[in-house]
Amino acid sequence: MKPILDVKNLTMDFGGLRALDSLDIDVRPGEIAALIGPNGAGKTTFFNCVTGMYNPTQGDVLVNSPSGYSTRLNGLKPNKVTERGLARTFQNIRLFQNMTVLENVMIGRHCHSGAGHEIIMDPDNSPVKRMAASAFFGGMEIAATLLKGKRFKEREQETVQYSYKVLEKVGLEKFANNFAKNLPYGLQRRLEIARAMATEPFLLLLDEPAAGMNPQETKELDDLIQRIRDKEGISILLIEHDMRLVMSISQRIFVMDYGKKIAQGTPGEIRTNDAVIKAYLGEDIDA
Ligand SMILES: Nc1ncnc2c1ncn2[C@@H]1O[C@H](COP(=O)(O)OP(=O)(O)OP(=O)(O)O)[C@@H](O)[C@H]1O
């Protein structure tokens, strides 16, 4: 079976710094895979190249969707990458804090329908973009009132219903009308995943989803990620430093150091790989 993400010979230079060096990484259908390595190894740069934030210096980013089309993502803008079935979360939480939980997911949903993707995929999530998001929703309400168009209202209703369903899938439905900023940290991370899921991806890229979580929240995240894969059929590639989570959840692990892939394999293979122990895990990993 073809991989759903097939990255070949990926290289990214920032001036004189080679942040990614001839990387080959693939994700198989139905897989949970992890990308690990020391700080500065190039993991987030890899995500940025795959999702259209950066245009790689060399290499190919190919996707083979479950519905059968194959396409090359290089050079596509982030919104076009989203439309082709890839969604991501960011290392630092990038929610619209003064909007409700439901509205945050609705923005993700609008990305799917073509509107609003400029807002969600902006990595800076700047105040201007946040204002744009508020205006976007305010504008929709005004437009709905003025036009009272049946199709417009139906589309909005669909967006609300779909977004609410996504919240149910991640267990956040009871917080739908709360402001995002009032959610505990672990639930904010969960909301980011929900927003990404609202774009209907077949591959979800999670950048350090367990960062800042306590052990109980990490355990719940582990269950959630597996549920998303099993129930929604979404494959997952995650960057993570929590080795207990990585080892328990991943079918395969890719290890990077200084922009290069130094190993790949099952958790058992990675745990005992000498190069990985030396570069990253240390001698006494018991995860
Ligand atoms: N936009 C950029 N301009 C210049 N250098 C960059 C840029 N983005 C990343 N780098 C550099 O590329 C290298 C890889 O950084 P990257 O953030 O991808 O590492 P990482 O593995 O994700 O690290 P961490 O685990 O700390 O998040 C680092 O040396 C970083 O300083």
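Here the structure is shown first, and the text comes after it.
As the structure is a prediction and not an experimental result, all values here were calculated from the model.

Strand order in this open sheet of 4 strands is β2-β1-β4-β5, and the pairing throughout is antiparallel. A single partner strand is all that each edge strand has here, and the edge strands are β2 (17–27) and β5 (70–72). Pairwise comparison of adjacent strand axes, ignoring direction, gives a mean angle of 20° for this sheet. When strand β1 (residues 5–14) meets β2, the two strands line up antiparallel, connected through 7 bridges. Considered in β2, the bridge of Leu 5 is made with Val 27.

Geometrically, a pair of aromatic rings is defined through the distance of the ring centres and the angle of the planes. Applying the stated rule across the entire model yields 1 aromatic pair. One residue, Arg 94, lies across the ring of Phe 90, its end atom 4.9 Å from the ring centre. One residue, Lys 181, lies across the ring of Phe 179, its end atom 5.4 Å from the ring centre.

Our next topic: unusual backbone geometry. Look at Glu 200: it is not a glycine, yet its phi comes out positive at around 55°. Relative to the assigned elements, Glu 200 resides in the loop between α7 (185–197) and β7 (203–207). Here Tyr 258, not a glycine, exhibits a phi torsion of approximately 45°, which is positive. Take Tyr 258: it is sitting in the loop between β9 (252–257) and β10 (260–265).

Taken N-terminus to C-terminus, the directions of α7 and helix α8 (residues 215–232) make an angle of 15°; their axes are 11 Å apart at the nearest point. Viewed along their axes, α7 and α8 adopt a mutual orientation that is roughly parallel. The element α7 and its partner α8 pack so that their crossing is right-handed. In contact with Gly 186, Arg 190, Ile 193 and Met 197 of α7, α8 contributes Glu 217, Glu 220, Leu 221, Leu 224, Arg 227, Ile 228 and Glu 232. The residue makeup of the contact of α7 with α8, split by class, is 5 nonpolar, 1 polar and 5 charged.

About the cut-offs
Residues numbered from 1 in each chain as written. Predicted model: local features only at pLDDT ≥ 70, side-chain atom pairs only at ≥ 80, totals over all residues. Heavy atoms only, no water. Pairing = 2+ DSSP bridges. Helix = DSSP H or I, 4+ residues; strand = E, 2+ residues; numbered from the N terminus. Axes fitted to C-alpha atoms, helices over the stretch in contact; angles between N-to-C directions. Phe/Tyr/Trp six-rings, centres within 6.5 Å; stacked < 30°, edge-to-face > 60°. Lys NZ or Arg CZ within 6 Å of the ring centre and 35° of its normal. Parallel < 35°, antiparallel > 145°, perpendicular 65-115°, else oblique. Left-handed = near helix turned anticlockwise from the far one by under 90°. Contact = heavy atoms within 4.5 Å. Nonpolar A, V, L, I, M, F, W, Y, C, P; charged D, E, K, R; others polar.

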